[in-house]
Amino acid sequence: MRNAKEEFLEAVEGRKIKCAIVKHYKGNIYLKKRHNGTAYKTFLDNLDFEYDAGYGGQELYGTIWFKDGTWAERGEYDGSEWWQHQEIPDIPVELEHGNFIFRTS
């Protein structure tokens, strides 16, 4: 068993949160943009539950948006779950300027 609140706090450690949504079969838990301390506490209180993060079906879904433009989303493999931090990839140089080009190999 895993505590959803503890897992969330580990995922956001050292980052500034813009907003978040966590989806669970019991319902969706929202942390809205421009939230205050009270809203954040309420969000965390609602996340304070145990769920089965082991093998089987995925139980939690969601996205955390950070103020630095990165985000975290729920990862899952064979029923094992986690928060996966994502960064916007660099744009390849061939996409910088010019017209549409279609190439085949």
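Residues numbered from 1 in each chain as written. Predicted model: local features only at pLDDT ≥ 70, side-chain atom pairs only at ≥ 80, totals over all residues. Heavy atoms only, no water.

**Q** Would you take a moment to explain the overall build of the protein for this structure?
**A** The number of helices and strands found in the protein is 2 helices and 7 strands. Counting from the amino terminus, helix and strand elements in the protein follow one another as β-α-β-β-α-β-β-β-β. On C-alpha atoms alone, the protein measures out to a radius of gyration of 18 Å, which is more than a quarter above the 13 Å that the 2.2 N^0.38 rule sets for 105 residues. Dimensions of the protein, computed from C-alpha atoms along their principal axes, come out at roughly 50 × 35 × 25 Å. Classification of the 105 residues of the protein by burial places 30% in the buried group. Taking as baseline every contact in the protein between residues at least 6 positions apart, the subset at least 24 positions apart corresponds to 49%. Accessible surface computed for the protein: about 7800 Å², of which carbon and sulfur atoms make up 50%. Between the mean site of the 14 positive side-chain charges and the mean site of the 18 negative ones, the protein shows a separation of 10 Å. (Helix = DSSP H or I, 4+ residues; strand = E, 2+ residues; numbered from the N terminus. Rg over C-alpha atoms; globule rule 2.2 N^0.38 Å. Buried < 20%, exposed > 50% of the residue type's maximum accessible area, 1.4 Å probe, protein only. Contact = heavy atoms within 4.5 Å. Areas by Shrake-Rupley, 256 points an atom, 1.4 Å probe, with all protein chains shown as cover. Lys, Arg positive; Asp, Glu negative; His and termini not counted. Charge placed at Lys NZ, Arg CZ, Asp CG, Glu CD.)

**Q** Help me understand the packing of aromatic side chains, please; the structure alone is not making it clear to me.
**A** How two aromatic rings sit relative to each other is given by the distance of their centres and the angle of their planes. Across all of its chains, the model carries 2 aromatic pairs by this definition. Measuring from centroid to centroid gives 6.2 Å for F8 and W83, while their planes differ by 80 degrees, and the two rings are edge-to-face. Here F8, found in helix α1 (residues 4-12), pairs with W83, found in strand β7 (residues 80-86); they are 75 residues apart in sequence, far enough to count as distant. For the pair F8 and W83, a shared accessibility class is recorded, and that class is buried. Feature note: the residues F8, F43 and W83 constitute an aromatic cluster, connected by ring pairs. Taking the ring centre of F66 as reference, the NZ or CZ of R15 above it sits at 5.5 Å. (Phe/Tyr/Trp six-rings, centres within 6.5 Å; stacked < 30°, edge-to-face > 60°. Lys NZ or Arg CZ within 6 Å of the ring centre and 35° of its normal.)

Just distances and angles here, no functional claims.
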